[in-house]
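# Examination of the molecular architecture
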Amino acid sequence: MGSAVITARAAATFEPVGRSVAAARGFVRDTLQGWGLADIVDDAVVLTSELVTNAVVHAGTSAEVVCLREDDGVRIEVVDRYPEREVPIRDATQALPGPDREGGRGLLLCAALATRWGVDYTASDKRVWFRLALPERPVGTRTAGPAIPDEALPVTETRVRVAVVQIDRAGLVTVWNEDAEELSGYPAEQVVGKHLTDYAAWPHTPGTGTGIAEALLLSRWEGTYGLRCADGRTVPVYASHLRIRDAEGEPSTVCLLVRDHERAVLQSPARSTSSSDAGVGSGESRERATDPFEVFIGSPAPEDLDGLLQRTVERARDMLDGDAAYLLLATDDETELEVRASTGLTSARHRFARVPVEAGSGRYGSARMPSVHEDLTSVPGAVPLLTGTGMRSVVTVPLKVEGRLTGSLGVAAETPGRYTNEEALRLQFAADRIALAVESARLTELERLRRGSLSFLVEASDLLAGTLDRDQTLALMAQMTVPTLASWCAVYTIAEPASDPELAYVLHEDEDLIDGLKALLAKVEPPEPVLSPGARGWSAPGEAAHSTALRTSLRSLLLGDEQMSAPGAGLATASAVGGETVVMPLVARNRVIGMLTLGKPTDERFRQEILELAEDLSRRAALALDNARLYSERTAISQSLQRSLLPPELPQVPGVEVEVIYRAAGEGNEVGGDFYDLFPIRDGAYGFAIGDVCGTGPQAAAVTGLARHALRLLAREGFTGPAVLERLNTAILDEGSRSRFLTLLYGEVWPREEGGALLKVVCAGHPLPLRLRQDGSVEPAAEPQPLLGVMDDLELYEQTLTLDPGDVLLCVTDGVTERREGTRMLGDDGLAECLTTCTGLTAGAVAARIMRAVERFASDAPSDDMAILAMRVPE
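Reading guide: rules and limits
Residues numbered from 1 in each chain as written. Predicted model: local features only at pLDDT ≥ 70, side-chain atom pairs only at ≥ 80, totals over all residues. Heavy atoms only, no water. Helix = DSSP H or I, 4+ residues; strand = E, 2+ residues; numbered from the N terminus. Buried < 20%, exposed > 50% of the residue type's maximum accessible area, 1.4 Å probe, protein only. Contact = heavy atoms within 4.5 Å. Areas by Shrake-Rupley, 256 points an atom, 1.4 Å probe, with all protein chains shown as cover. Phe/Tyr/Trp six-rings, centres within 6.5 Å; stacked < 30°, edge-to-face > 60°. Pairing = 2+ DSSP bridges. Axes fitted to C-alpha atoms, helices over the stretch in contact; angles between N-to-C directions. Patch = residues over 30% accessible without salt bridge, like charges linked within 9 Å, V, L, I, M, F, W, Y side chains within 5 Å. Salt bridge = Lys/Arg side-chain N within 4 Å of Asp/Glu carboxyl O. Expected span 1.5 Å × (residues − 1). Parallel < 35°, antiparallel > 145°, perpendicular 65-115°, else oblique. Nonpolar A, V, L, I, M, F, W, Y, C, P; charged D, E, K, R; others polar. Core = buried A, V, L, I, M, F, W, Y, C linked by side-chain atoms within 4.5 Å. Disulfide = S-S within 2.5 Å. pLDDT = per-residue confidence, 0-100. Left-handed = near helix turned anticlockwise from the far one by under 90°.

## Observations regarding the overall build of the protein
- Per the secondary structure count, the protein includes 18 helices and 34 strands.
- With 875 residues in all, the protein has 46% of them scored as buried.
- Restricting the contact set of the protein to residue pairs at least 6 apart, pairs at least 24 apart contribute 61%.
- Of the roughly 43,100 Å² of accessible surface on the protein, a fraction of 50% belongs to carbon and sulfur atoms.

Rendered as structure tokens:
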């Protein structure tokens, strides 16, 4: 006997828990019903129940159930992971076991009900299988509906057209009959060889993963979608798909399509209930499938909340043969309901929309009890979500868990009087069955969102704390919200309490729309600053965008097609900002310093969880923005004060080249404890100084300012170098506890007409100046004397030297000579050695070479201020 040809296969795995037995029964029932094998469903379910019980309860392993459709029957396999637990074999001489015995009962049923059965062992699993042959199908009525009056029959057109479309393995149309041509307006020769997806308007519903390509691969599928016609219309059709194969085994799909209002021609009758589950499974209670919606979720169930809710509304709509269905979940305080899933509604504008449960305008009064509205036009606003949707009748039921309202489920139809209390009870029964599962999934999602929100806020806080730059803070605020929280974002800032908000930053998830959005917001009055926290709606951007797009479109119609580039941009911007827009104040230190504006595209709204997360982010961002503002203001003040301590532009000394390089230690410092100066004293004479105040930072800079200004004043009063330094020493000591000792090299330069320059210097505790001669020799140009700010009575003296043409005088602070790398220090000898290589260089080149040598001596950033002053007499 040859092996059977398998024409269809379905498989599912079930965990080793008691509820898996019922899930496996539902899986087998749904699979065989979908294959059109209702005649053998009862026996298959009974045998599957026993074998899965043996696997998940007695063997204690997961069970895989495989359904195989063969030419003349069905083979069902149950696989467990316990091959060591062999199937008990009964001796023919032994009596039949009792009905309550654990082992072997399922095999007795297999022997009694199955055409054939067997057990296959491998090293990793045990496979128990049975086969049920298809019964003879005599001619006659297999299923029939009741006789009903003519006026209650479904209404169709005089000529019912059933379009027959056949799709090959590649998804291409191979058959397009005359009724398909009449229904769509496309002739067969234009359609054959093309994908059905080119002509089917498939509903893209969030939370579902089945598309038309997947539906065409299913063994059987029924449902509604749109058919694009040649005249541009989209006609709603009801379709029945059947997967077949030809004599060569080549698979294809036959699609039967009628107009949606004629669906009764094709629609399969509701699956009848089965009592085959009675008494099956050791110790299990009887479960009656009183309605197809009992197993509305199917197997396997969606793991995410959105998928579960979307599957629920789709099954609810099909169960009551409705045109639309929707599901709302209650807020934590149960005062509002939020739309979380819908199907059949013409717009997505309802998604995440909120309505009050009992109080206020637009209340949703039917939330806490089943309710049937035979005609919504007679009670306007009874179900505000359906306003403007064309729905006339609706049945709504609550979702409750332990008496607490958790949501509401509704099914609507376009015709009045469609529903009665009977449908309300059926829907309520289904809602009671799924309320706990929905609430469990909602709590799971809420916990996941809270963990994600916490992680998001932690990361946002780290990023905002990592910068004190105002512009970067604004950019971070926008980049963290788009696209995570919103489609676009705009940040307004308020410089002073009485000033108007200014548009500071705009970002959109589509970079091509940023400029248009920025131009639009620039024309709109900014939102009013409000100190109270929380998000509030702002309709101005959407209204302005709609108005601008309308004017642009009208102008383009008047000007002709050559002007059509403008309306495209206007319409794109209008669509980008056409959804919900909210404004949140940026409050820091009890003052509104700006506003964070978030927006959605057309027909989209914000979820409450997103708004709460955005409010938390706005509080953190406001503090970061205010810190950046304070830092910028204080930095500007500090830099202004520090610049005042630096000498103005150095004067030109006739016959002498002068170059200065200054580096203050510490981030943000422009002036430290080191200082320099070069200034005219009188005609033909110039004073110069280079010094080092003990320490760095603002305290040292204060003494720096005192020293520099005192030097200029005293020198211009005609005092000699020693007298200038002695009086400066007294001024430093007068500072008391704020005084700091100071090393200072002060001198006067007297250029000579015949070339060269005369220098008079006093070196008070400072590193000695070095003189570089033309022959490359280096020698100290002064003798050391006491530093300033330590002793009251100083006796300083002046030393005179002459710089010949080509000579260089190098003066540095100890930040240069004390440059360290580990235990090594540059020192006076290292500086002198570096200076010997500077023969023939200009003063600027000498200073630059010395600075490069200092920087390269160590890899770490300098920890002390450094100043270099080089003077050279040109040859």
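## Some words on the packing of aromatic side chains
- Scanning the entire structure with this criterion turns up 5 aromatic pairs.
- Relative to tyrosine 199, the ring of tyrosine 186 lies with its centre 5.0 Å away and its plane at 70°, an arrangement referred to as edge-to-face. Linking tyrosine 186 in the loop between helix H4 (178–184) and helix H5 (188–191) with tyrosine 199 in the loop between H5 and strand E8 (200–201), this pair joins segments that are 13 residues apart in sequence.
- Since its relative accessible area comes to 15%, tyrosine 186 is described here as buried.

## Some remarks on the sheet that holds strand E3 (residues 73–80)
- The strand order across the open sheet formed by 5 strands is E1-E2-E3-E5-E4, and the pairing between neighbours is antiparallel. For this open sheet the edge positions go to strand E1 (6–14) and strand E4 (116–121), each flanked by a neighbour on one side alone. When the angles between neighbouring strand axes are averaged without regard to direction, this sheet yields 15°.
- Here 7 bridges tie strand E2 (residues 63–70) to E3, and the two strands are oriented antiparallel to one another. Each residue of the ladder has a partner; that of valine 66, found in E3, is glutamate 77.

## A short note on a nonpolar patch on the surface
- A cluster of nonpolar side chains, namely Phe741, Val790 and Met791, defines an oily patch on the protein surface of about 260 Å² accessible area.
- In this structure, methionine 791 sits in the loop between strand E29 (778–780) and strand E30 (799–803).

## Some remarks on helix H7 (residues 305–319)
- A rise of 1.5 Å per residue sets the reference length of H7, with its 15 residues, at 21 Å; its end C-alpha atoms lie 21 Å apart and thus fit the reference within 8%.
- When we look at burial in H7, the residues that qualify are Leu305, Gly307, Leu308, Leu309, Gln310, Thr312, Val313, Ala316, Arg317 and Met319.
- Looking at the buried positions of H7, the neighbouring elements they touch are strand E9 (220–228), strand E12 (324–330), strand E13 (336–343), strand E17 (404–413) and helix H8 (421–465).
- Downstream of H7 by one or two residues, aspartate 321 has phi in the positive range, about 50°.

## Side note on the packing of H7 against H8
- At a minimum axis distance of 10 Å, the contact between H7 and H8 shows a crossing angle of 170°. Considering the angle they form, H7 stands roughly antiparallel to H8. Contacts between H7 and H8 pair Leu305, Asp306, Leu308, Leu309, Thr312, Ala316 and Met319 from the former with Arg426, Leu427, Ile434, Ala437, Val438, Ala441, Arg442 and Glu445 from the latter.
- Among the residues forming the contact of H7 with H8, the class breakdown is 10 nonpolar, 1 polar and 4 charged.

## Some thoughts on the nonpolar core
- Of all hydrophobic cores here, the largest spans 32 residues; its most connected members are Met477, Leu586, Leu596 and Leu598.
- Among the secondary structure elements, those contributing two or more residues to this core are H8, helix H9 (470–481), strand E18 (488–493), strand E21 (581–588), strand E22 (591–599) and helix H13 (608–645).
- For this core, the element with the highest residue contribution is H13, accounting for 8 residues.
- Once residues lying within four places of it in the same chain are set aside, the contact partners of leucine 596 are Met477, Thr481, Cys489, Ala490, Val491, Val582, Val583, Met584, Leu586 and Ser618.
- One finds Phe14, Val45, Leu47 and Cys110 within the second-largest nonpolar core, a separate group that totals 30 residues.

## As for the sheet that holds strand E34 (residues 866–872)
- Taken in spatial order, the 5 strands line up as E23-E34-E31-E28-E29 in an open sheet, and their pairing is antiparallel. The open sheet is flanked by strand E23 (657–663) and E29, the only strands paired with a single partner. Here the average twist between neighbouring strands, direction ignored, is 20°.
- Its contacts with the sheet put helix H17 (residues 827–835) on strand E28 (770–772), E29 and strand E31 (808–812), and the angle it makes with E28 is roughly 20°.

## Quick notes on the environment of threonine 802
- Inspection of the secondary structure puts threonine 802 in strand E30.
- The partly exposed category is assigned to threonine 802, whose relative accessible area is 26%.
- For threonine 802 and tryptophan 750, which are 52 residues apart along the polypeptide, the C-alpha to C-alpha distance reads 9.4 Å.
- Setting aside its immediate chain neighbours within four residues, threonine 802 contacts Arg752, Ala757, Leu758, Arg771 and Asp807.

## Digging into the pairing of E2
- Counting buried positions over the 8 residues of E2 gives 7, a clear majority of the element.
- Bridging between E1 and E2 involves 8 bridges; their strand directions are antiparallel. When the bridges of E2 are listed, phenylalanine 14 appears paired with alanine 63.
- With antiparallel pairing between neighbouring strands as the criterion, E2 and E3 make up a hairpin whose turn holds 2 residues.

## Things to note about the pattern of salt bridges
- Across all of its chains, the model carries 28 salt bridges by this definition.
- Here arginine 404 and glutamate 439 are joined by a salt bridge, their closest N and O atoms 3.0 Å apart. Here the residue arginine 404 occupies a position in strand E17, and glutamate 439 occupies one in helix H8, the gap between them amounting to 35 residues.
- A salt bridge links arginine 629 to aspartate 626; its shortest N-O distance comes to 2.7 Å. Taken as a pair, arginine 629 and aspartate 626 lie in helix H13 at a separation of 3 residues, close to a single helical turn.
- A relative accessible area of 24% places arginine 629 in the partly exposed class.

## A word on the state of the cysteines
- With the rule as written, the count across this model stands at 0 disulfides.
- Distance from the sulfur of cysteine 811, which forms no disulfide, to the nearest cysteine sulfur (cysteine 763) is 8.7 Å.
- For cysteine 811, a relative accessible area of 1% corresponds to the buried category.

## Observations concerning the side chain of serine 240
- Checked against the element boundaries, serine 240 lands in strand E10 (residues 234–245).
- For serine 240, the contacting residues outside a window of four places in its chain are Arg220, Trp221, Glu222, Val254, Cys255, Leu256 and Leu266.

## Digging into the confidence of the model for the protein
- Mean pLDDT over the protein: 79, with 82% of residues reaching 70 or higher.
- The secondary structure element of the protein with the lowest average pLDDT is helix H12 (residues 565–576), at 58, and the one with the highest is E31, at 95.
- Contacts of residues 88–104 to residues separated by more than four positions or lying in other chains number 13 contacts, the stretch itself having pLDDT below 50.
- Counting interchain partners and residues more than four positions distant, the pLDDT-below-50 stretch residues 271–295 has 48 contacts.

## Some thoughts on the packing of H17 against helix H18 (residues 843–857)
- Axis separation between H17 and H18 bottoms out at 10 Å; the angle between their running directions is 135°. Here H18 runs oblique to H17, going by the angle between their axes. H18 is crossed by H17, and the crossing has right-handed handedness. Contacts from Leu831, Cys834 and Leu835 of H17 reach H18 at Val846, Arg849, Ile850 and Ala853.
- Residues of the contact of H17 with H18, tallied by class, amount to 6 nonpolar, no polar and 1 charged.

## Some words on helix H1 (residues 19–34)
- Across its 16 residues, H1 extends 23 Å between first and last C-alpha, which sits within 8% of the 22 Å expected from 1.5 Å per residue.
- Of the positions making up H1, those classed as buried are Ser20, Val21, Ala24, Arg25, Gly26, Phe27, Val28, Arg29, Thr31 and Leu32.
- Glycine 36, located one to two residues past H1, shows a positive phi value of around 75°.

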